[in-house]
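Here is how the chains run, residue by residue.
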Amino acid sequence: MGSPPHAHPLPQPSTPEGRDGLAALLERPCEAVVALDFDGTLAEIVPDPERARAHPDAVPALARLAPEVASVAVVTGRPAGVAVRYGGFAGVPGLEHLVVLGHYGAERWDAVSGTVRTPAPHPGVAAVRAELPGFLDSIGAWSGTWIEEKGQAVAVHTRRAEDPSAAFAALREPLAALATRHGLVLEPGRMVLELRPPGMDKGVALGEYVREVGARAVLYAGDDLGDLPAYAAVEKLRSDGVPGLLVCSGSAEVTELAERADLLLPGPAAVVAFLAALAARLRPDGP
């Protein structure tokens, strides 16, 4: 005998638009896309990004949720293959149709083929990669900062600096100028500044994917400045008649998303618990 709906309580969105989005997802899950950022949303933010891993309950929750909806998409600034590896998404029963949109949608991995489609590298990325060490040293910003190689992008982290916020602020303008000089754009994040090719962001990636799937409802969960374009994409979809729910994985470091979110959850553990509760509501008799 299935569990009654109240056995799997879901936190309620604080806005009418968010409540409409959640209701549409619950009523027509087979027409819904559930899209999720990785770092800070499915995985805790850690000092060394190479040590980031999805919350231990994330894959079980997603494996139960994914068969009930049109698609689950992980939308991340990381290379798609790295997100797959750090998330533990490959070869998991129930996640056969998971898609990872890496590098803000420039790369794509799908579980059906198990392969990554990637564009040719932008020449500006190679130029910046070669120039960055001397550039940081010349402006006195080498101590406490470090460079992350991301294949299609390069990132400078300040979390290990003596004053991470001050280092972030001091580097933002010089790195923006460096990015512009090489035909790149600067993407600020949580104590990280990423130099990457223009033309793609999470909003573009999400909007294109929702149209590809033909979704009639969308949920997006994120935590950082790079998620703002995805929020804008959901807001645009709402104006076009597609209900949407905006979830913020709460952070004291970033308030812009919390101010626009329909549902605020205090970090990846709470996001994963929400996904598990959502799956249980949609699939009360499932394992």
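1. Description of the sheet that holds strand β2 (residues 71-75)
- In space, the eight strands of this open sheet follow the order β5-β4-β3-β2-β1-β10-β11-β12, with mixed pairing throughout. Pairing within the sheet leaves two strands with one partner each, and these edge strands are β5 (115-117) and β12 (263-265). For this sheet the average axis-to-axis angle between neighbouring strands, irrespective of direction, equals 20 degrees.
- Pairing of strand β3 (residues 99-102) with strand β4 (residues 107-110), which is carried by four bridges, proceeds in the antiparallel orientation. Paired with V100 across the strands is W109, a residue of β4.

2. Comments concerning the pairing of β4
- Neither face of β4 is open: one carries E107 and W109, the other R108 and D110, and all of them are buried.
- Where β3 hands over to β4, the hairpin turn is made up of four residues, of which H103 adopts a positive phi near 50 degrees.
- Two elements, β4 and β5, share three bridges in a ladder whose sense is antiparallel. Each bridged residue has a counterpart across the sheet, and for R108 the counterpart in β5 is R117.
- The loop that links β4 with its antiparallel partner β5 comprises four residues; one of these, G114, has a positive phi angle of about 70 degrees.

3. Topic: the side chain of Q152
- Tracing the backbone shows Q152 in the loop between β6 (146-149) and β7 (154-157).
- A residue is classified by how much of its surface remains accessible, and Q152, at 11% relative accessible area, is buried.
- Setting aside its immediate chain neighbours within four residues, Q152 contacts H103, E107, T118, P119, A120, P121, H122, V125, R196 and P197.

4. With respect to empty space enclosed by the protein
- According to the stated counting rule, one finds one cavity of 30 Å³ or more in the structure shown.
- There is about 440 Å³ of room inside the largest cavity.
- Residue lining of the largest cavity: 29 residues in total, with D39, I45, K150, V192 and D224 positioned closest to the centre.
- Listed by contribution, the elements that provide at least two residues to the lining of the largest cavity are β7, β8 (185-188) and β9 (192-196).

5. Topic: unusual backbone geometry
- In this model, H103 sits at a positive phi of 50 degrees, which is unusual for a non-glycine residue.
- One can find H103 in the loop between β3 and β4.
- Taking relative accessible area as the criterion, H103 reaches 5% and is therefore assigned buried.
- One non-glycine residue, Y104, lies in positive phi territory at about 60 degrees.
- Tracing the sequence through the fold places Y104 in the loop between β3 and β4.
- Of the residues examined, Y104 reaches a relative accessible area of 7% and is grouped as buried.

6. Some thoughts on helix α3 (residues 80-87)
- For α3, the buried fraction is high: six of the eight residues fall into the buried class.
- Taken residue by residue, α3 has A80, V82, A83, V84, Y86 and G87 as its buried positions.
- As for α3, its buried residues are in contact with α2 (58-65), β3, β4 and β5.
- Trailing α3 by a residue or two, G88 shows a phi angle of about 70 degrees, which is positive.

7. Observations regarding the packing of helix α1 (residues 16-27) against helix α9 (residues 268-282)
- Relative to each other, α1 and α9 sit at 45 degrees, their axes nearing to 10 Å. Considering the angle they form, α1 stands oblique to α9. When α1 is examined against α9, the residues L22, L25 and L26 are found in contact with a partner set consisting of L278, R281 and L282.
- Classifying every residue of the contact of α1 with α9 gives five nonpolar, no polar and one charged.

8. Things to note about the environment of Y220
- Position of Y220 among the secondary structure elements: in strand β10 (residues 217-222).
- For Y220, a relative accessible area of 0% translates into the label buried.
- Counting along the chain gives 41 residues from Y220 to A261, while the straight-line C-alpha distance between them is 9.7 Å.
- At a separation of 2.5 Å, a polar atom in the side chain of Y220 contacts the side chain of D227.

About the criteria used
Residues numbered from 1 in each chain as written. Predicted model: local features only at pLDDT ≥ 70, side-chain atom pairs only at ≥ 80, totals over all residues. Heavy atoms only, no water. Pairing = 2+ DSSP bridges. Helix = DSSP H or I, 4+ residues; strand = E, 2+ residues; numbered from the N terminus. Axes fitted to C-alpha atoms, helices over the stretch in contact; angles between N-to-C directions. Buried < 20%, exposed > 50% of the residue type's maximum accessible area, 1.4 Å probe, protein only. Contact = heavy atoms within 4.5 Å. 1 Å grid on protein atoms, 1.4 Å probe; cavity = no way out; pocket = protein on both sides within 12 Å on 5 of 7 lines; lining within 4 Å. Points joined across faces, edges and corners; volume = space filled by probe spheres on them. Parallel < 35°, antiparallel > 145°, perpendicular 65-115°, else oblique. Nonpolar A, V, L, I, M, F, W, Y, C, P; charged D, E, K, R; others polar. Polar contact = N/O pair within 3.5 Å; in protein donor to acceptor, adjacent residues only side chain to side chain.

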